[in-house]
Amino acid sequence: MSAEATVLSQIKDSYAIVTLNRPDKLNALNVETVQLLGNIMSDLQNDDQVRAVILTGAGPKAFVAGADIKEIAELDGSGSDFAGSGQQVFRAIEKMTKPVIAAVNGFALGGGCELALSCHIRLASDNAKFGLPEITLGVIPGYGGTQRLPRLIGRSRALQLMLTGGMVSAEKAADVGLVNEVYTSEELLPAAEKMAGKIASLAPVAASLILQSVYEGGETDLDSGLAIEAENFGKVCNTEDARIGTSAFLEKRKPEFTGK
Ligand code: COA
């Protein structure tokens, strides 16, 4: 790990921990940090050793407190490009073929909430706070918040958060399905690592096809989604891991998946 980098990456056996690292700015995402995050996630996507990724923030206060407001203040005609390039990085994270777990260890506001929304699973510490406060700055969410939040928690709840600029606690976020589980600050990363380790011990092709079926199927009608699932079921049945998993069950032993 490099001490200066604004995004750190550490590979632990079969999963990686990626840490947004601007704690003095509550890990706010400037353009450079977003690009670095994109490069690191792309490297992890291409690394066969890595079967799951945890995203978290440095320091005790914040996951990510938003896009860097200093940069937003200087945008004039280039707002669409600014939003578009961040959206590209977040979309690539969402489309990763290995599960990405957000370990939300404090404020997840604006771009931070949007980053968590781009992850596949969200765990939070009990001091975490979620919100899309862009309207309080006179702007709107630009890294996918207007699209992903309503899809996850419903249009009405999402609109309330965006139109009031308010924040919700981790507990409330869990009540509305924005967060899967809430832990104490000390328990959060160990819990995320335990989950990543569990996922990494299972069949990676199956994991990637679950992600693809859920995301692509979720964007279409039920019949088309079922067709995607059936096609992916066909693909997974042809993997070595499907033979390993089913025969291990029938022979009453633990499967050792190969990733093939
Ligand atoms: N962009 C740039 N800098 C940010 C930032 C952001 N989104 N969020 C926090 N910071 C910086 C602060 O400017 C401050 O820097 P400084 O010490 O050089 O003055 C530092 O991080 C610490 O933040 P501070 O506001 O002093 O902490 P706090 O505990 O009093 O308040 C928040 C925490 C999260 C409530 C507050 O920082 C905040 O409202 N941040 C902006 C949230 C937001 O609107 N995000 C959406 C952006 S589109």
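## A few points about the environment of D68
Okay, so step 1: Here D68 shows up in the loop between β4 (62–64) and α2 (69–73).
Okay, so step 2: It is 8.6 Å that separates the C-alpha atoms of D68 and K25, two residues lying 43 residues apart in sequence.
Okay, so step 3: With sequence-adjacent residues up to four places away left out, D68 is seen in contact with R22, A28, L29 and N30.
Okay, so step 4: Within the local environment of D68, its side chain forms a polar contact with the side chain of R22, the two groups lying 3.0 Å apart.

## A short note on the site of the ligand
Okay, so step 1: Around the ligand, the structure places 17 residues, and the nearest of them are K25, K61, A65, A67 and I69.
Okay, so step 2: One nitrogen or oxygen atom from the side chain of K61 is found 2.5 Å from an oxygen atom belonging to the ligand.
Okay, so step 3: Notes on the ligand: free accessible area 860 Å², of which the protein chains cover 60%.
Okay, so step 4: Sorting the residues of the shell around the ligand by element identifies α2 and β6 (107–109) as the ones contributing at least two each.

## Structural notes on empty space enclosed by the protein
Picture a little ball the size of a water molecule; that probe, rolled over the atoms, points out where space is still empty.
Okay, so step 1: Tallying each qualifying case throughout the model produces one cavity of 30 Å³ or more.
Okay, so step 2: If you add up the space inside the largest cavity, you get close to 30 Å³.
Okay, so step 3: The wall of the largest cavity is formed by V31, V34, Q35, F82, S85, G86 and Y143.
Okay, so step 4: Every element with two or more residues in the lining of the largest cavity is listed here: α1 (31–45) and α3 (79–94).
Okay, so step 5: Counted by class, the lining of the largest cavity contains four nonpolar, three polar and no charged residues.

## Some points on helix α6 (residues 155–164)
Okay, so step 1: What α6 keeps buried is the set A158, L161 and M162. When α6 is viewed along its axis, its buried side chains cluster within an angular range of 95° and face the same direction. Turned more than 90 degrees away from the buried face of α6 sit S156, Q160, L163 and T164, all of them exposed.
Okay, so step 2: Buried residues along α6 sit in contact with α5 (145–153) and β9 (167–169).
Okay, so step 3: A positive backbone phi angle near 70° is found at G165, which sits one or two residues after α6.

## A few points about unusual backbone geometry
Okay, so step 1: Positive phi is not limited to glycine here, since N27 has a value of about 60°.
Okay, so step 2: Of note, N27 is situated in the loop between β2 (15–20) and α1.

## Quick look at the packing of aromatic side chains
Okay, so step 1: Here the structure, examined in full by the defined rule, presents two aromatic pairs.
Okay, so step 2: The interplanar angle of 25° and the centroid separation of 5.6 Å between the aromatic rings of F82 and Y143 together place this pair among those described as stacked. One end of the pair, F82, is in helix α3; the other, Y143, is in the loop between β8 (129–131) and α5, and 61 residues separate them in sequence.
Okay, so step 3: The exposure class assigned to Y143 is buried, which follows from its relative accessible area of 4%.
Okay, so step 4: Seen in terms of ring centroids, F90 and Y143 are 5.2 Å apart; in terms of plane orientation they differ by 65°. Their pairing is edge-to-face. Residue F90 is located in helix α3, and its partner Y143 is located in the loop between β8 and α5; the two are separated by 53 residues in the primary sequence.

## Here we look at the side chain of S213
Okay, so step 1: Relative to the elements of secondary structure, S213 occurs in helix α9 (residues 204–218).
Okay, so step 2: Among the polar contacts made by the side chain of S213, one reaches the main-chain carbonyl oxygen of L209 at a distance of 2.6 Å.
Okay, so step 3: In contact with S213, other than residues within four places in its own chain, are G218, I228, E229 and N232.

## Concerning helix α4 (residues 111–118)
Okay, so step 1: Counting buried residues in α4 gives eight out of eight residues, a clear majority hidden from the surface.
Okay, so step 2: Three or more residues of α4 are buried, namely G111, G112, C113, E114, L115, A116, L117 and S118.

## Description of the pairing of β2
Okay, so step 1: Within β2, six of the six residues are buried, leaving the element largely enclosed by the surrounding structure.
Okay, so step 2: Across the two faces of β2 the burial is the same, with Y15, I17 and T19 and A16, V18 and L20 all buried.
Okay, so step 3: Looking at chain direction, strand β1 (residues 7–12) and β2 are connected through six bridges and run antiparallel. Within the sheet, the bridge partner assigned to Q10 lies in β2 and is I17.
Okay, so step 4: Connecting β1 to the antiparallel partner β2 that follows it, the hairpin turn spans two residues, and D13 within it adopts a positive phi of roughly 50°.
Okay, so step 5: The pairing of β2 with strand β3 (residues 52–57) spans six bridges and is parallel. From the neighbouring strand, A16 faces β3, where its bridge partner is V53.

Rules used throughout
Residues numbered from 1 in each chain as written. Predicted model: local features only at pLDDT ≥ 70, side-chain atom pairs only at ≥ 80, totals over all residues. Heavy atoms only, no water. Helix = DSSP H or I, 4+ residues; strand = E, 2+ residues; numbered from the N terminus. Contact = heavy atoms within 4.5 Å. Polar contact = N/O pair within 3.5 Å; in protein donor to acceptor, adjacent residues only side chain to side chain. Near = heavy atom within 4 Å. Areas by Shrake-Rupley, 256 points an atom, 1.4 Å probe, with all protein chains shown as cover. 1 Å grid on protein atoms, 1.4 Å probe; cavity = no way out; pocket = protein on both sides within 12 Å on 5 of 7 lines; lining within 4 Å. Points joined across faces, edges and corners; volume = space filled by probe spheres on them. Nonpolar A, V, L, I, M, F, W, Y, C, P; charged D, E, K, R; others polar. Buried < 20%, exposed > 50% of the residue type's maximum accessible area, 1.4 Å probe, protein only. Arc of directions from axis to C-beta. Phe/Tyr/Trp six-rings, centres within 6.5 Å; stacked < 30°, edge-to-face > 60°. Pairing = 2+ DSSP bridges.

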